[in-house]
Amino acid sequence: MWLRTSCNLTFDITVPTPFVLMLRPRSGAQQWIAMEEYKIIPSVPVFEFTDNYGNLCQRLIAPPGPFAVITSAVVQTADYVDQAPGAAFIEIQNLPDTVLSYLLPSRYCEADRFSQMATAITAGRLLGYDQVSAITEWLRTTIRFEPYRSDALVSAIEVNARGWGVCRDFSHLGIAMCRSLSIPSRMVVGYLHGLEPMDLHAWFEAYIGGRWYAFDATQEQMRGGYVAIGYGRDAADVAVYNQFGPALYPNTQHVRVELIHNEDRTDHAAL
């Protein structure tokens, strides 16, 4: 399917403020970025780099006064999310070097604290994909999804204790349990067509059978329409913006994901 995504942020800046932004999706196996627009108002020098996880990031200093970041993209993304029941667990010694860091505990995913719990939840399942499916179903039926009730970042242990969370909390807990079973797992932030309420979204991926597969316990079932912006160990690695200096929050944050119909996609299909 073809989607048009956008994320617009506005701020009131009081002092010159360094930012690191991460709002440019990249083309990959599940998505093709056919067109994009990225505006900084007022215009300031921007320096782009690729972080340790392959994400496209932009550095800048925002001047005092009104400040806006306006982004949009036209994306071809998979109509269906790949699923692979029965896909095999990969022994640690056979994992690619690039995924090894996704086995370790991280700031919001205390994998070393979930071994017994994850083992109980996945008892009787084939090692690999079926274990992650069992974890995802447990999250969906046990942890209460409350998308309107966002608060400060909390860790997997805290989410499990309180029994509710937003999308990133579901991802943190799922990642922690996967890693506790020696399944590499990472957080993804991006867009999802049809998400209610519409906002930026988080899900997680697990490395099984020689590739990454997506899982999202906040949705009744996996469907097409995901557009990834960034990957990382947990939410600390995938913030769409980091600012440094006095605390600062957006005045507005508008996110849209629109389906581009057949009659509108001719110009993009040839790219």
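Residues numbered from 1 in each chain as written. Predicted model: local features only at pLDDT ≥ 70, side-chain atom pairs only at ≥ 80, totals over all residues. Heavy atoms only, no water.

Here's the deal with the packing of aromatic side chains
Where two aromatic rings form a pair, the distance of their centres and the angle of their planes describe that pair. As enumerated under the stated definition, the model contains 13 aromatic pairs in all. Taken together, the aromatic side chains of Phe-11, Phe-19, Phe-67 and Tyr-241 make up a single cluster linked through ring pairs. (Phe/Tyr/Trp six-rings, centres within 6.5 Å; stacked < 30°, edge-to-face > 60°.)

Let's talk about the sheet that holds strand E6 (residues 65-77)
With antiparallel pairing, four strands are arranged side by side in an open sheet as E3-E6-E1-E14. Looking along the sheet, the strands with just one partner apiece sit at the ends: strand E3 (31-41) and strand E14 (252-259). For this sheet the average axis-to-axis angle between neighbouring strands, irrespective of direction, equals 10 degrees. When strand E1 (residues 2-13) meets E6, the two strands line up antiparallel, connected through 12 bridges. What sits directly across from Asp-12, in E6, is Pro-66. (Pairing = 2+ DSSP bridges. Helix = DSSP H or I, 4+ residues; strand = E, 2+ residues; numbered from the N terminus. Axes fitted to C-alpha atoms, helices over the stretch in contact; angles between N-to-C directions.)

A word on empty space enclosed by the protein
By the definition in use, this model includes one cavity of 30 Å³ or more. Here the largest cavity defines a volume of roughly 40 Å³. Every residue lining the largest cavity is listed: Thr-5, Leu-23, Pro-25, Glu-36, Glu-37, Tyr-38, Thr-71, Ser-72, Ala-73 and Tyr-191. Contributing elements (two or more residues each) for the lining of the largest cavity: E3 and E6. Counted by class, the lining of the largest cavity contains five nonpolar, three polar and two charged residues. (1 Å grid on protein atoms, 1.4 Å probe; cavity = no way out; pocket = protein on both sides within 12 Å on 5 of 7 lines; lining within 4 Å. Points joined across faces, edges and corners; volume = space filled by probe spheres on them. Nonpolar A, V, L, I, M, F, W, Y, C, P; charged D, E, K, R; others polar.)

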